[in-house]
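# A structural walkthrough
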Amino acid sequence: YLHTCDWMGWEEFPPPLPFPDGEGVMGFRDGRVRGNSSGEINAETNWKEYAGACLNSPMIAGNTYRFEFDLGFIDRDKSPAINVSFFGTSDCNNLPFGNGDDEFGCPTNSPDWVRLGSTFINGGTNLWVKSFIEVTPDQNINAIAIGPDCPAVDSPINIYYFFDNLLLDNFESFAFKISEIEHPCSQNFGIGVLNKNDLDYQWYKDGVALIGENSAELKRMYGEGEYQTRIMDGESCRLTGIYNYKIPVIDAPIRRTICLDDTYQFGDKMLTQSGIYIDTFKSVNNCDSIVTLDLRELGILADTIDRKIFEGEKFEIERYTFANEGDHLANLESSQGCDSLVLVQLEYYNVFMPNIFSPSKDGENKTFKIYSEEGLINDYVLRIYDQWGNRVYIGQEWDGTHTGKEVNNGLYSYLLHIVMDDGIERIFNGSVTLVR
C-alpha cells in the first residue's frame, strides 16, 4: 500500500502521478525475479498478488454486477499489457488463499474459487487507465479477488502494476454515477453517465443549470467546481452524486547527486552547484508538476584504509595491488560514480617464530611458541614433527617433550596454522632446533 504522506513504493517501481483519487494506491506483482545467496537470478513465474475482500453483502446469482477500477502502468517493460481477472468464492473463509505457498498462483488453483470475468488492458508510461469488468455470477459470491490472470509469466524483470478506485456494485448503480473520460489534465477530458435512449439529462455546475447540456456526456468542461446531472425517465427524477472537478497539480520532490565539476540538466537550466531548485513541468498527462530539486555536489572524497599483511603477500583494491609497507594512494570511483581518493596505509605483521630453543635452560627460549604484538593473533595451532615425520606435539607452546618424556636434541619441523586479527587463516612451515 502506497500513500503520498509516507511510503511511495520501491524506487524501481515508481507509481504514476497524480493518483486518480485521494492519496493512496495499491501495488501488485505478476511474477517475481529474485537473487539467491549464490548470486543467481531466479524467476518465480507463479508468484502473483491480488486485491481481495470479504463483501458486506453477497453478489446474488443471476444478477449483473460491474467492477470498475483504475490500473496504473510504470512503463511498457515493467508494466506490459495485462489480462486483469476477477475471481469469486462463496465463503469468506477461503480468503486469503494459497496458505503462504509462493508457487500457488491464481485463486482458481483452489477448487473453492471461480473465475468471474476478465478484461485486457494495454497501458503506457506513467499512465492510469480506467477499466471495468461486468459479470453475472451463477452462484452467490461472498468474497472476491482481482489481479493478474492465471498463466505463469516468464520475464527476466519484475512485473508491477497499481490499483486505485476499486468499485463493485450492481450494474444499475453505475447508470447514475459520473465517470471520467480520459485524464483530468488532458485537453480531451470530460465526464458523463451511462447513456440510455429513454432518459433525459440536465447538467449542473455549482448548483446552476448548464444551458444546452442535455446529453449523457457533458459537451465541455466549464472550469473547476462541483458537477451533477439530473436524470429523468418521464415518471421519476434522479440526481447523481457530486463530481468535484479540480485539475491536479503534482508536487514532486527529488534528490540528485552530481560529482565535482559535473552538470545536471533541470528543465532548460544546466546546474553545477548544490542547492534547492524549483521549476514547473508538464507531466505525461499534461498536469502541472512542481518539482523541487535537492541537488548535491560531491567533492573529491577522501578515505583511509589501514591493512596488515605478511611480507610476501599482496593487498588488492579494485585495479590496484600493493605489496610493500608504507602509504599508497589509490584513485577509485565511489558508489555515486565520483572520484574517491583512498590512502592505503600498509604494514607487515610482526610475528616472530624462533629457530632454536633450550627447554633445560633458565631464562628465555625454554619453550617453542609464537611471538607477536598483543591483539594481532586471534588463534594458532602448532604441529611438531621429528625427522622421520612422526608428530610429537600439537598445541601452542612446546616444551620439548612427547607423551611426558624429553625428546632428543636435533632439528624438528613444524606446521603452523594461524589466524590474525583480519580473520584470515594462514599456513606456515619451517624448522626449529632443540638444544638442551
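Here we summarise the structure given alongside this text. (Residues numbered from 1 in each chain as written. Predicted model: local features only at pLDDT ≥ 70, side-chain atom pairs only at ≥ 80, totals over all residues. Heavy atoms only, no water.)

Take the overall build of the protein chain next. When helices and strands are tallied, the protein chain shows 0 helices and 36 strands. Since a compact globule built from 436 residues should have a radius of gyration of about 22 Å, the 37 Å found for the protein chain marks it as more spread out than a globular shape. Taken along the three principal axes of its C-alpha coordinates, the protein chain extends 125 × 60 × 30 Å. Counting all 436 residues of the protein chain, 38% fall into the buried class. Here the analysis covers contacts within the protein chain between residues at least 6 apart in sequence; of these, 61% occur between residues at least 24 apart. Split by element, the accessible area of the protein chain, about 24700 Å² in all, is 45% carbon and sulfur. Looking at the protein chain, you have 34 positive and 67 negative side-chain charges, and the mean spots of the two groups are 1 Å apart. (Helix = DSSP H or I, 4+ residues; strand = E, 2+ residues; numbered from the N terminus. Rg over C-alpha atoms; globule rule 2.2 N^0.38 Å. Buried < 20%, exposed > 50% of the residue type's maximum accessible area, 1.4 Å probe, protein only. Contact = heavy atoms within 4.5 Å. Areas by Shrake-Rupley, 256 points an atom, 1.4 Å probe, with all protein chains shown as cover. Lys, Arg positive; Asp, Glu negative; His and termini not counted. Charge placed at Lys NZ, Arg CZ, Asp CG, Glu CD.)

Now for the sheet that holds strand β29 (residues 356-357). Judged by pairing direction, the sheet is mixed, and its 5 strands sit side by side in the order β29-β36-β35-β31-β32 without closing on themselves. The strands lining the two open edges of the sheet, one partner per strand, are β29 and β32 (391-395). (Pairing = 2+ DSSP bridges.)

With that settled, consider the side chain of T89. Structurally, T89 is set in strand β6 (residues 82-89). Classification of T89 by relative accessible area gives buried; the value is 1%.

Core analysis: the largest hydrophobic core is formed by 22 residues, its most contacted members being M59, F69, L71, V84, F86, I146 and F163. Contributions of two or more residues to this core are made by β4 (51-59), β5 (65-73), β6, β7 (113-121), β8 (127-135), β9 (141-148) and β10 (160-170). It is β5 that contributes the most residues to this core, 5 residues altogether. Excluding residues that lie within four positions of it along the chain, I146 makes contacts with Y50, A51, F67, F69, V84, S85, F86, I133, F163 and L166. Counting 21 residues, the second-largest nonpolar core is a separate cluster that includes Y349, Y393, Y414 and V432. (Core = buried A, V, L, I, M, F, W, Y, C linked by side-chain atoms within 4.5 Å.)

In short, the description is geometric, and any link to function would need to be established separately.
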